[in-house]
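Survey of secondary and tertiary structure
As a plain string of letters, each chain reads:
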Amino acid sequence: SLASFNLPIVYDPGRTGFEATAHFDPDPGAVVAGRYLVEDALGTAAFSTAYRCIDLASEDGEEVCLKIIKNSKDFFDQSLDEIKILDLLNTSGDVDEE
């Protein structure tokens, strides 16, 4: 049987993707998706950059990691596989429980 998951796509409606660089690289202080206040970049890998952010929708200003995938179909496909693996790990139970 087939399964699905909810995947919000965050985009800038003023960009076309034909700019000199199509990648989204928010500066510290930027608010992404009206929710995540970017503090700084944690690191960059082959297909993404991780940012330390504050979740403005949380009651206590929870610190979160926001991973932004580079704008490429191959990288997007790879990120979908990663999301599926993370979902499996999150729903498989506590690793410390017997």
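These remarks concern the structure in this document. (Residues numbered from 1 in each chain as written. Predicted model: local features only at pLDDT ≥ 70, side-chain atom pairs only at ≥ 80, totals over all residues. Heavy atoms only, no water.)

**Remarks on the side chain of Ser58**
- Tracing the backbone through its elements, the reader meets Ser58 in the loop between strand 3 (48–55) and strand 4 (63–69).
- Looking at Ser58, its side chain comes within polar contact range of the main-chain oxygen of Asp55, at 2.8 Å. (Helix = DSSP H or I, 4+ residues; strand = E, 2+ residues; numbered from the N terminus. Polar contact = N/O pair within 3.5 Å; in protein donor to acceptor, adjacent residues only side chain to side chain.)

**Let's talk about unusual backbone geometry**
- The phi angle at Ala33 is positive, at roughly 60°, despite the residue not being glycine.
- Its place among the elements puts Ala33 in the loop between strand 1 (31–32) and strand 2 (36–44).

**A few points about the side chain of Ser79**
- In this structure, Ser79 sits in helix 1 (residues 73–91).
- Exposure remark for Ser79: the relative accessible area of 7% places this residue in the buried category. (Buried < 20%, exposed > 50% of the residue type's maximum accessible area, 1.4 Å probe, protein only.)

**Description of the layout of surface pockets**
- By volume, the largest pocket amounts to about 1,200 Å³.
- Taken together, 31 residues form the lining of the largest pocket, with Pro8, Val10, Lys67, Ile68 and Ile69 sitting closest to its centre.
- Mapped by element, the contributors of at least two residues to the lining of the largest pocket are strand 4 and helix 1.
- Top contributing element to the lining of the largest pocket by residue count: helix 1, with eight residues.
- A per-class count over the lining of the largest pocket returns 18 nonpolar, six polar and seven charged. (1 Å grid on protein atoms, 1.4 Å probe; cavity = no way out; pocket = protein on both sides within 12 Å on 5 of 7 lines; lining within 4 Å. Points joined across faces, edges and corners; volume = space filled by probe spheres on them. Nonpolar A, V, L, I, M, F, W, Y, C, P; charged D, E, K, R; others polar.)

**What to know about helix 1**
- Spanning 19 residues, helix 1 covers 27 Å between terminal C-alpha atoms, matching the ideal 27 Å at 1.5 Å per step.
- Looking one or two residues beyond helix 1, the residue adopting positive phi is Gly93, at roughly 100°. (Expected span 1.5 Å × (residues − 1).)

**A closer look at the pattern of salt bridges**
- Enumeration over the complete set of coordinates arrives at seven salt bridges.
- A salt bridge links Arg35 to Asp55; the shortest N-O distance between them is 2.8 Å. Residue Arg35 is located in the loop between strand 1 and strand 2, and its partner Asp55 is located in strand 3; the two are separated by 20 residues in the primary sequence.
- The class of Asp55 is buried, set by a relative accessible area of 5%.
- Linking Asp81 and Lys84 is a salt bridge whose minimum nitrogen-to-oxygen distance equals 3.8 Å. (Salt bridge = Lys/Arg side-chain N within 4 Å of Asp/Glu carboxyl O.)

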